[in-house]
Amino acid sequence: MRKTIAKEMNDLEQKVKNRWLIALAAVGIHISIGSVYAWSVFTKPITEQFGWDLPDVQFTFSIAILFLGLSAAFLGHYVEKHGPRKAGILASIFFGVGTVGAGLAIQLSSLPLLYLCYGVLGGIGLGVGYITPVSTLVKWFPDRRGLATGLAIMGFGFASMIASPIMNTLIANVGIANTFYILGIIYFVVMLASAQYLAPPPKGWVPAGFSNSGTAGSKQIKKDLCQLTANEAIKTRRFYWLWLMLFINVTCGIAVISVASPMAQEMVGMSVGTAALMVGLNGLFNGGGRIGWASLSDFIGRPNTYTAFFAIQMVLFFLLPNLSNPILFMAAMFLIMTCYGGGFASIPAYIGDLFGTKQLGAIHGYILTAWAAAGLAGPIFAAWVRKTTESYTGTMSVFAGMFVVALVISLLVRLDIKKLKEEAKQREKSVELAS
């Protein structure tokens, strides 16, 4: 009997995958799909080659972000039902075909086909590819959720820095269509290979040195406040608090990204070259903020992290119109970018804390509709306020006001957390009395 148990334990240990390799596979997928942030590299060459209007070409990116949010919401249940490996394969097919299809659209000089391939098909691949590794990592790192999600989503943030120079080189040497063909095949191979290693941890698995029951000599895994399905989660008030917090953070962040260069030139008299340098460095701080803030959230807690995001940005957006020094202006922008990226990276861990990991991928997908909405609303809203007020100062003031709202919401979430903790204590007492 003892030999049988020992054999089963040994088999289990052999079947358990290396969670750091799971994280590496997640980074592989996110670095591939994160190349969507380098779309602007294609806009000028495409407009010059075909004479299409710049807003029409840029609309391809908006469609992709829209379908990222929609597919994440509608296919989140697919991820939970069929597992991360199959979901990762599905993402690689959609994103690979979408990118290759974009090459065909360029070859055929068809803007609608470009919308369909890169925007719709590529966008679906983006959505599934975004939530699949993240929901898996949260389950593999119950002790360091923020670090795990930060690692993957950091890859998404840094992807444009890696992809942009490669795209520029390829476009110059092989043309736009062939660039899409080459990249599509590379992304498909990288994502498909990464998906093969993705798998959820075995039932009851915990990291070495930890336990679920507080066994002597081991650290206890912090219990989630509850375990809800996606359909149960969307019936709670705290789901919509998280949705609004992400929406405000992304709306203001994307709006600032979309006008960073002209805003810097107008508000502090920055030169075109210096403004371009600032825009490039924004990506570095965006990516760094993802791993930095998410890791910090493991120590200070997700509620404190989001309160810090909004308090910092509320102050900075009020200050920006009054900053005349280009160095101080850039420092403020870089700090805003860390909060923008950190908001993306910390939200999956926050979802796990508040709703559990039962259907985390599906819940994450629902909340990412805030990203889709913000991707459309942010740049349009920034342009409208700029036109109405005839100054970026008015835009910054409106955004500062939005962060006041977000700060209040981040405090309201704490009331729900307090209530859930009290209910958990009552359940524990009831169990003790019953036994």
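Residues numbered from 1 in each chain as written. Predicted model: local features only at pLDDT ≥ 70, side-chain atom pairs only at ≥ 80, totals over all residues. Heavy atoms only, no water.

Per an unreviewed UniProt entry, the recorded name for the protein is MFS transporter, and the organism is Brevibacillus fortis. The annotation that UniProt attaches to the protein under Subcellular location (unreviewed entry) is "Cell membrane". (UniProt positions renumbered as here; feature names shortened; annotations may be inferred.)

Student: What is the right way to look at a nonpolar patch on the surface in this model?
Tutor: On the surface, a cluster of nonpolar side chains totalling about 460 Å² of accessible area is made up of Ile31, Met161, Ile162, Ile166, Leu284 and Phe285. Counting only elements with at least two residues in the nonpolar patch, the list comes to α7 (145–174) and α11 (272–300). In terms of residues, the nonpolar patch owes the most to one element, α7, which gives three residues. Position of Met161 among the secondary structure elements: in helix α7. (Patch = residues over 30% accessible without salt bridge, like charges linked within 9 Å, V, L, I, M, F, W, Y side chains within 5 Å. Areas by Shrake-Rupley, 256 points an atom, 1.4 Å probe, with all protein chains shown as cover. Salt bridge = Lys/Arg side-chain N within 4 Å of Asp/Glu carboxyl O. Helix = DSSP H or I, 4+ residues; strand = E, 2+ residues; numbered from the N terminus.)

Student: Hey, could you run me through the side chain of Asp416 in this one?
Tutor: Relative to the helices and strands, Asp416 is located in helix α16 (residues 392–434). Within the local environment of Asp416, its side chain forms a polar contact with the side chain of Arg237, the two groups lying 2.5 Å apart. Residues within four places of Asp416 in sequence aside, it is in contact with Arg237, Arg238 and Trp241. (Polar contact = N/O pair within 3.5 Å; in protein donor to acceptor, adjacent residues only side chain to side chain. Contact = heavy atoms within 4.5 Å.)

Student: It is not clear to me how the environment of Pro133 should be interpreted in this structure. Could you clarify?
Tutor: Its place among the elements puts Pro133 in helix α6 (residues 111–140). In this structure Pro133 comes out as buried when scored by relative accessible area, which is 0%. Placed 107 residues apart in sequence, Pro133 and Ala26 show a C-alpha to C-alpha distance of 5.0 Å. Apart from residues lying up to four places away in sequence, Pro133 is in contact with Ala26, Ile29 and His30. (Buried < 20%, exposed > 50% of the residue type's maximum accessible area, 1.4 Å probe, protein only.)

Student: How should I be thinking about the packing of aromatic side chains in this particular structure?
Tutor: Two measures describe an aromatic ring pair: the distance that separates the ring centres and the angle between the ring planes. Considering all chains together, one arrives at 27 aromatic pairs under this definition. Both rings, one in Trp39 and one in Tyr118, keep their centres 4.8 Å apart while their planes meet at 35°; by these two values the pair is tilted. Placement of the pair is Trp39 in the loop between α2 (19–33) and α3 (40–50) and Tyr118 in helix α6, with a sequence separation of 79 residues. The pair Trp39 / Tyr118 is uniform in exposure class, with both members buried. In textbook terms, an aromatic cluster arises when at least three aromatic residues are bridged by ring pairs, as seen for Trp293, Tyr306, Phe309, Phe310, Phe317, Tyr350, Phe399 and Phe403. Between Lys17 and the ring centre of Tyr197, over which it is positioned, the NZ or CZ distance is 4.6 Å. (Phe/Tyr/Trp six-rings, centres within 6.5 Å; stacked < 30°, edge-to-face > 60°. Lys NZ or Arg CZ within 6 Å of the ring centre and 35° of its normal.)

Student: Would you mind showing me how to read the layout of surface pockets here?
Tutor: Over the atoms rolls a probe the size of a water molecule, and in doing so it shows where empty space is left. Each pocket or cavity is described by its volume, and for the largest pocket that value is around 1,500 Å³. Looking at the largest pocket, it is lined by 42 residues, and the ones nearest its centre are Tyr37, Ser40, Phe61, Ile257 and Ser258. By residue class, the composition of the lining of the largest pocket is 26 nonpolar, 15 polar and one charged. When residues of the lining of the largest pocket are assigned to domains, at least three map to each of domain 1 (18–202) and domain 2 (225–421). When its volume is computed, the second largest pocket comes out at roughly 710 Å³. (1 Å grid on protein atoms, 1.4 Å probe; cavity = no way out; pocket = protein on both sides within 12 Å on 5 of 7 lines; lining within 4 Å. Points joined across faces, edges and corners; volume = space filled by probe spheres on them. Nonpolar A, V, L, I, M, F, W, Y, C, P; charged D, E, K, R; others polar. Domains from an automatic or database assignment.)

Student: Explain the state of the cysteines to me, please; I cannot follow it from the model alone.
Tutor: What we call a disulfide is simply a covalent bond connecting the sulfur atoms of a pair of cysteines. This structure, assessed with the given rule, holds zero disulfides. Between Cys252, a cysteine without a disulfide, and Cys339, which holds the nearest cysteine sulfur, the sulfur-to-sulfur distance is 12 Å. (Disulfide = S-S within 2.5 Å.)

Student: Sorry, what's going on with a positive patch on the surface here?
Tutor: A contiguous patch of positive charge on the surface is contributed by Lys222, Lys421, Lys425 and Lys429. Here Lys425 lies in helix α16. Accessibility expressed as a relative area gives 55% for Lys425, which makes it exposed. (Lys, Arg positive; Asp, Glu negative; His and termini not counted. Charge placed at Lys NZ, Arg CZ, Asp CG, Glu CD.)

Student: Explain the domain arrangement of the protein here, please?
Tutor: When the parts of a complex come together, some accessible area is lost, and that lost area is often used as the size of the interface. Domain assignment breaks the protein into domain 1 (18–202) and domain 2 (225–421). Here domain 1 and domain 2 have C-alpha centroids that lie 22 Å from each other. In total, about 2,800 Å² of surface goes out of reach between domain 1 and domain 2, with carbon and sulfur atoms giving 70% of it. The closest approach of N and O atoms between Asp353 and Arg145, which form a salt bridge, is 3.1 Å. Our count for the contact surface shared by domain 1 and domain 2 stands at 13 residue pairs in polar contact (both at pLDDT 80 or more). (Buried area = accessible area lost by both parts, 1.4 Å probe.)

Student: Could you clarify how one ought to interpret the nonpolar core in this entry?
Tutor: In a soluble, globular protein the nonpolar side chains are often hidden away together inside. Counting 136 residues, the largest nonpolar core has Phe317, Phe329 and Trp371 as the members making the most contacts within it. Element by element, the count of residues in this core is highest for helix α10 (residues 237–268), at 17 residues. Phe317 has contacts with Cys252, Val256, Ile336, Met396, Phe399, Ala400 and Phe403, leaving out every residue within four places of it along the chain. (Core = buried A, V, L, I, M, F, W, Y, C linked by side-chain atoms within 4.5 Å.)

Student: Just checking my understanding: could you explain the confidence of the model for the protein for this structure?
Tutor: As a note on interpretation, predicted positions should not be read in detail where pLDDT is low. Looking at the protein, pLDDT values average 86 and 94% of them are 70 or higher. By mean pLDDT, helix α1 (residues 2–15) is the weakest element of the protein at 47, and helix α8 (residues 176–195) is the strongest at 96. Residue range residues 5–14 is modelled with pLDDT below 50. Its contacts to residues more than four positions away, or to other chains, number one contact. (pLDDT = per-residue confidence, 0-100.)

Student: When you look at the pattern of salt bridges in this model, what are you seeing that I'm missing?
Tutor: Close approach of charged atoms lets side chains of opposite charge pair. As enumerated under the stated definition, the model contains seven salt bridges in all. One salt bridge connects Asp298 with Arg144, and the closest N-O pair in it is separated by 3.2 Å. Here Asp298 is found in helix α11, whereas its partner Arg144 is found in the loop between α6 and α7, with 154 residues between them in sequence. Looking at Arg144, the relative accessible area reads 26%, which means it is partly exposed. We note a salt bridge from Asp416 to Arg237, for which the minimum N-O separation is 2.5 Å. With a gap of 179 residues between them, Asp416 in helix α16 and Arg237 in helix α10 connect regions that are remote in the sequence. Asp416 gets classed as buried once you look at its relative accessible area, which sits at 8%. Connected through shared salt-bridge partners, Arg144, Arg145, Asp298, Arg302 and Asp353 make up one network.

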